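Structural overview for review
Take a look at the letters that make up each chain.
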Amino acid sequence: MFAIQLAGVRIGMDNRYSFVEHQCKDYLCEARDLAFTVSASPEEIAKEQALGDYAADYCESICLYRHICELIPAHNVFLFHSCILEVDGYAYAFTAKSGVGKSTHCALWLKTVPNARVLNGDKPLIRVEEDGTLTAFGTPWNGKENWGENISAPLAAVCFIERGEINTIETVSEGEAVDRLIHQLYLRGPRQSVMKQLMLMDSFVRGVPFYLLHCNISKEAARLSFETMRKK
């Protein structure tokens, strides 16, 4: 067993395999004042393995993060499936349906936008602060590209990406943002956890501007999205 700190929350990791401890090496903390502890049973790990040709230690990591995402909303933190970039102290989140080009667009930010770096490439956490602002946090679960750092930054904007021949970007209403966000949050687990996540989503859509980018996956699209969303 070991402990990690995610989004300011200390979590016990009752692990069976060493893989997840190595994965979380940049997030280790003292095992005291733990908010909760997670574990994965052999049956749960085997069930995850049955979904694909994956090693048991990798599947344990998936199961443990799933449990974290079910319990951490009680601490005003939730998973937002997205790629988040940090530029000059502010975070910018990009999300899209699979295959649209989210990672490619973010890679173009790294080439185009000065000082851009990846906070997390796939499964970051968002914390709703007492004043209603939002903070993005890196996690050890950061996608197949393994993009990410143990850093945090105030969330400045969220961008939904869709393919288009012409690069355009526009703001979206709170209602449309909710319709799109619902597919990118982890709304599973105990009923009270799901209800808390829905409450946090309400704070989410009120806390930052949301944009819809139609793009042809080019440097021009990256420049357009950055110039539109950047925190001045």
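Everything numeric in this text was worked out from a predicted model, so none of it was measured.

Conventions used here
Residues numbered from 1 in each chain as written. Predicted model: local features only at pLDDT ≥ 70, side-chain atom pairs only at ≥ 80, totals over all residues. Heavy atoms only, no water. Helix = DSSP H or I, 4+ residues; strand = E, 2+ residues; numbered from the N terminus. Rg over C-alpha atoms; globule rule 2.2 N^0.38 Å. Contact = heavy atoms within 4.5 Å. Areas by Shrake-Rupley, 256 points an atom, 1.4 Å probe, with all protein chains shown as cover. Lys, Arg positive; Asp, Glu negative; His and termini not counted. Charge placed at Lys NZ, Arg CZ, Asp CG, Glu CD. Expected span 1.5 Å × (residues − 1). Buried < 20%, exposed > 50% of the residue type's maximum accessible area, 1.4 Å probe, protein only. Arc of directions from axis to C-beta. Pairing = 2+ DSSP bridges. Axes fitted to C-alpha atoms, helices over the stretch in contact; angles between N-to-C directions. Salt bridge = Lys/Arg side-chain N within 4 Å of Asp/Glu carboxyl O.

1. Considering the overall build of the protein chain
- Of regular secondary structure, the protein chain possesses seven helices and 12 strands.
- Relative to the 2.2 N^0.38 estimate, which gives 17 Å for 232 residues, the radius of gyration of the protein chain is 18 Å and therefore close to what a compact globule would have.
- Along the three orthogonal principal directions, the C-alpha set of the protein chain runs to about 50 × 40 × 30 Å.
- Taking all contacts inside the protein chain whose residues are at least 6 apart in sequence as the whole, residues at least 24 apart take part in 69%.
- Within the structure as shown, the protein chain displays about 11,300 Å² of accessible surface, and the carbon and sulfur contribution to it stands at 47%.
- Once the 24 positive and 29 negative side-chain charges of the protein chain are each reduced to a mean point, those two points are 3 Å apart.

2. Re helix α6 (residues 191-207)
- The first and last C-alpha atoms of α6 sit 24 Å apart over 17 residues, in line with the 24 Å expected at 1.5 Å per residue.
- Ser193, Val194, Gln197, Leu200, Met201, Phe204 and Val205 are the residues of α6 that are buried. Down the axis of α6, the buried side of the element spans an arc of 140°, and every buried residue falls inside it. The exposed residues of α6 that point more than 90 degrees off its buried face are Arg191, Gln192, Met199 and Arg206.

3. Some thoughts on the pairing of strand β12 (residues 210-215)
- Of all six residues in β12, five are buried, a share of seventy percent or more.
- Pairing of strand β10 (residues 152-163) with β12 involves six bridges; the strand directions are parallel. Of the residues in β12, the one forming a bridge with Val158 is Phe210.
- The pairing of strand β11 (residues 168-171) with β12 spans four bridges and is antiparallel. Residue Glu170 lies in a different strand from β12, and its bridge partner there is Leu212.

4. A closer look at the sheet that holds strand β1 (residues 2-6)
- Strand order in the open sheet made by the three strands is β1-β2-β3, with mixed pairing throughout. Of all strands in the sheet, those bounded by a partner on one side alone are β1 and β3 (36-39). In this sheet, adjacent strand axes meet at a mean angle of 35° when their direction is disregarded.
- The sheet contact formed by β1 and strand β2 (residues 9-14) spans five bridges and is antiparallel. Opposite Phe2, over in β2, you have Met13 as the bridge partner.
- Relative to β3, helix α3 (residues 56-71) is tilted by about 145°, and along the sheet it contacts β1, β2 and β3.

5. Quick notes on the pattern of salt bridges
- For the structure on display, the rule yields 15 salt bridges.
- When the shortest N-O distance is used, the salt bridge between Glu48 and Arg66 registers 2.7 Å. In this pair, Glu48 is assigned in helix α2 (residues 42-49) and Arg66 in helix α3, connecting sequence segments 18 residues apart.
- Residue class for Glu48 comes out buried when judged on its relative accessible area of 11%.
- As a salt-bridge pair, Arg117 and Glu86 come within 2.7 Å of each other at their nearest N and O atoms. Of this pair, Arg117 sits in strand β7 (residues 117-120) while Glu86 is found in strand β5 (residues 83-87), placing the two residues 31 residues apart along the sequence.

Function cannot be inferred from these measures alone, as they are strictly geometric.
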